[in-house]
2 protein chains.
Amino acid sequence: MNDSLTYRDAGVDLDAADRAKRSLGPLLDAAADANTLSGLGAFGGLYAVPRDLAEPVLVSSADGVGTKLKVAFLTGRHDTVGRDLVNHCVNDILVQGARPLFFLDYLATGEMDEGVVSQVVGGVAAACRRNACALLGGETAQMPDFYAPGEYDLAGFVVGVVERARLVDGSAVRPGDRLVGVRSSGLHTNGFTLARTIVFDRMGLSVDDGFPGEDASAGEVLLRVHRSYLAPVWPLLERGRVRAMAHVTGGGIAGNLPRVLPAGLGARVDRGSWRVPNVFRRLAEGGGVSPAEMYRVFNMGVGMILVVSPADEAEVLGELGDEAWGMGEVVNGEGVELFGGE
Amino acid sequence: MNDSLTYRDAGVDLDAADRAKRSLGPLLDAAADANTLSGLGAFGGLYAVPRDLAEPVLVSSADGVGTKLKVAFLTGRHDTVGRDLVNHCVNDILVQGARPLFFLDYLATGEMDEGVVSQVVGGVAAACRRNACALLGGETAQMPDFYAPGEYDLAGFVVGVVERARLVDGSAVRPGDRLVGVRSSGLHTNGFTLARTIVFDRMGLSVDDGFPGEDASAGEVLLRVHRSYLAPVWPLLERGRVRAMAHVTGGGIAGNLPRVLPAGLGARVDRGSWRVPNVFRRLAEGGGVSPAEMYRVFNMGVGMILVVSPADEAEVLGELGDEAWGMGEVVNGEGVELFGGE
């Protein structure tokens, strides 16, 4: 009978889903480690708790890529957003002193384009390897009539571990402690709804147009990968040099730094201590965005802030090199005061 | 200057996001347990590894709710999909013998409707409590021009734990072992793209219309909550009565049971051993869907399959009561043969 329905008629292709899943197998295998006990096809991913910790505490975080994905759709480049996602999640647990153990992703699409799925998950797997993190599994969902053709959403979830006695929880922070800024690689994954409006609508650029003041296209500038701070910061954590750490995401410096300071302590940040990168200056200008709003939405060049004792500041700055600088101090009070600069 | 842009002009309301986040605090607190070390606002959620296990293995799974969400949008009822999500994830790690420790959710919306966010996350938190699982955190993303007004996507991640020696990995399965089916509560969270096409387009029902053969509306029938098998199955796992277990999700019985059987073993399932519930019979009829396609897309009334030794079958059936039945056996070979029935 010709009006008989199949799942495929309704828009879901189980065979394409199976093929896409199988093609992900080698990616998972390549991103496994000695504690990974399961392979593709298991209902849950298995991971042995590392045995070298006296009192292991799991640290976990979930995140998405937000509308930075729209830039990937416009450029047709899908191998960077997975790296954004993993690095963002890794940074979110790093600030509590944890190293990543494993990661899972959620990828939802309208139609199952195997090439795109493979690029996206390939980016996730590559970033997992660089962060010494197992890619334990994930979900790839086909949701026709939910996502526009060629679009998808991507979220992820990391689990890391820290020795309980070495948790970085801000309790050691004292007035007079120094703030060390570590540079960001660009917009990271925040503020893209505003950034896209400015770049595409106000500045009238397409993704292939050159971005003013950069030797790169607008698409390349916007897609610059959210960096992971695991490699530069980990040695300092192992030596106990970090009293608190904030990942500068949505809400900016003033929205994130107070999250890691004890009650009764605030911070003074000298905006004149670093030069705001070109991309942020162009966005402010192109959108007529006030400095206050810029600092609330974007990282403005500061991806991570470390709180260290005055005695350790020189060592920390020496270890981090050119990409870090002293940007202020912890004070009695509440909140963050931004002073100086533009 | 009147063309000056803010984040809010571009469609993202950080204040609404802050309010929505704060309103979630009590939900997280209510779904915390003695091992939860962090509260709302921390970058990562903290969870102490339980100390009563000699060799703890973490078991993790990511999942979404799929286009069952569309039924929530149509009915305006948002407190059930979070329960679907948590229960689905809990079942996915239960089949490997794990009990859940903690859960994180990812909720992406176009506009931030605080009432809807609170209903959705309320459902997540309620299901976490019922599964004795901490709600450790999550991400609520505002993605205007990504999701249609009133729509959202919802995904989640669970982490559970199992003693390594008690992992349920199918290695103990032998030919002649018995298959015990445990009833589903409805469609669970699979096949909704097909089910919605049939119910709304072919059968011409609206969500408020009565569903044929049921004392409930079409919306109620479709939204019936994916049940968790943790409570009924856990005592059997603790007594070591389960050799393998399959959660019947996308792909149906034949797509999921082989995932937990060792190489060289298959299964014979007697379709005459249970009565397929009304909702599946109406969908088959309404869509002219072949039995083969129905069994590939839907659970057909079987939510979970336990593989048990012949000596344990009576005990297992006695413990599970009316909701379980003997449905077949493990045989030499590969794959699943469905015989008998319609």
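Our subject is the structure that appears above.
Residues numbered from 1 in each chain as written. Chains lettered and ligands numbered in written order. Predicted model: local features only at pLDDT ≥ 70, side-chain atom pairs only at ≥ 80, totals over all residues. Heavy atoms only, no water.

## Some remarks on the overall build of chain A
- In terms of helices and strands, chain A carries 11 helices and 11 strands.
- Relative to a compact globule of 342 residues, whose C-alpha radius of gyration would be 20 Å, chain A shows 22 Å and is just as compact.
- A separation threshold of at least 6 residues defines the contact pool for chain A, and within that pool the share at least 24 residues apart is 83%.
- Accessible surface for chain A amounts to roughly 12100 Å². Of this, 46% is attributable to carbon and sulfur atoms. (Helix = DSSP H or I, 4+ residues; strand = E, 2+ residues; numbered from the N terminus. Rg over C-alpha atoms; globule rule 2.2 N^0.38 Å. Contact = heavy atoms within 4.5 Å. Areas by Shrake-Rupley, 256 points an atom, 1.4 Å probe, with all protein chains shown as cover.)

## Some details on the pattern of salt bridges
- Within this structure, the stated rule accounts for 32 salt bridges over all chains.
- Ionic pairing is found between A:Lys70 and A:Glu151, a salt bridge with its closest N-O pair at 3.1 Å. In this pair, A:Lys70 sits in helix H2 (residues 68-75) while A:Glu151 sits in the loop between strand E4 (134-142) and strand E5 (152-163), placing the two residues 81 residues apart along the sequence. The residues A:Lys70 and A:Glu151 share a single accessibility class, namely buried.
- The partner of B:Arg296 in a salt bridge is B:Glu293, and the shortest N-O contact between them spans 3.7 Å. (Salt bridge = Lys/Arg side-chain N within 4 Å of Asp/Glu carboxyl O. Buried < 20%, exposed > 50% of the residue type's maximum accessible area, 1.4 Å probe, protein only.)

## Considering the state of the cysteines
All names here are of chain B.
- One pass over the full model with this rule turns up 0 disulfides over all chains.
- No disulfide involves cysteine 133; its sulfur sits 4.3 Å from that of cysteine 128, the nearest cysteine.
- Since its relative accessible area comes to 4%, cysteine 133 is described here as buried. (Disulfide = S-S within 2.5 Å.)

## Side note on the sheet that holds strand E3 (residues 99-109) of chain B
- Pairing within the open sheet is mixed, and its 5 strands lie in the order E1(A)-E2(B)-E5(B)-E3(B)-E4(B). Each edge of the sheet is formed by a strand with only one pairing partner; in this case those strands are strand E1 (45-48) of chain A together with strand E4 (134-142) of chain B. Sheet twist, expressed as the average angle between the axes of neighbouring strands with direction ignored, equals 20°.
- The sheet contact formed by E3(B) and E4(B) spans 8 bridges and is parallel. When the bridges of E4(B) are listed, B:Ala108 appears paired with B:Ala141. (Pairing = 2+ DSSP bridges. Axes fitted to C-alpha atoms, helices over the stretch in contact; angles between N-to-C directions.)

## Looking at the interface of chain A and chain B
- At the interface, 84 residues of chain A touch 83 residues of chain B.
- When residues of chain A are sorted by the area they lose upon contact with chain B, A:Leu5, A:Phe43 and A:Phe146 head the list and together hold 14% of the total.
- There are 4 salt bridges connecting chain A and chain B.
- The shortest N-O distance in the salt bridge between B:Glu55 and A:Arg51 comes to 3.6 Å.
- Counting across the interface, chain A meets chain B through 23 residue pairs in polar contact (both at pLDDT 80 or more).
- Top element by residues in the side of chain A that touches chain B is strand E2 (residues 56-64) of chain A. It accounts for 9 residues.
- Here the side of chain A that touches chain B is built from residues that sort into 45 nonpolar, 21 polar and 18 charged.
- Pairing between E2(A) and strand E1 (residues 45-48) of chain B: 4 bridges, direction antiparallel. Its bridge partner lying in E1(B), A:Val59 is registered against B:Leu46. (Buried area = accessible area lost by both parts, 1.4 Å probe. Polar contact = N/O pair within 3.5 Å; in protein donor to acceptor, adjacent residues only side chain to side chain. Nonpolar A, V, L, I, M, F, W, Y, C, P; charged D, E, K, R; others polar.)

## Structural notes on the relation of the copies chain A and chain B
- The transformation that overlays chain A on chain B combines an axial shift of 0.0 Å with a rotation of 180°, and the residual RMSD is 0.0 Å. Overall, the copies show the geometry of a two-fold rotation axis. Minimal C-alpha distance to the rotation axis in chain A is attained by A:Phe157, lying at 3.5 Å.
- Here 99% of the contact residues of chain A are again contact residues in chain B; the copies associate through an equivalent surface. (Least-squares fit on C-alpha atoms with pLDDT ≥ 70 in both.)

## Some details on the packing of H2(A) against helix H5 (residues 192-202) of chain A
Residues and elements named next belong to chain A.
- Packing of H2 against H5 leaves a shortest axis separation of 8 Å and a crossing angle of 40°. Regarding the angle of H2 to H5, the classification is oblique. Between H2, through Lys68, Lys70, Val71 and Leu74, and H5, the contact on the second element is made entirely by Phe192, Arg196 and Phe200.
- Residue classes in the contact of H2 with H5 are distributed as 4 nonpolar, no polar and 3 charged. (Parallel < 35°, antiparallel > 145°, perpendicular 65-115°, else oblique.)

## Things to note about the packing of aromatic side chains
- Under the criterion given, the structure shown has 14 aromatic pairs over all chains.
- Seen from their ring centres, A:Phe157 and B:Phe157 are 4.4 Å apart, and the 10° between their planes marks the pair as stacked. One end of the pair, A:Phe157, is in strand E5; the other, B:Phe157, is in strand E5 (residues 152-163), on a second chain. In terms of burial, A:Phe157 and B:Phe157 fall into one category: buried.
- Ring centres of B:Phe146 and B:Tyr147 lie 5.6 Å apart, and the angle between their planes is 45°; this geometry places the pair in the tilted category.
- Among the aromatic residues, those joined into a ring-pair cluster are A:Phe73, A:Phe146, A:Tyr147, A:Tyr152, B:Phe73, B:Phe146, B:Tyr147 and B:Tyr152. (Phe/Tyr/Trp six-rings, centres within 6.5 Å; stacked < 30°, edge-to-face > 60°.)

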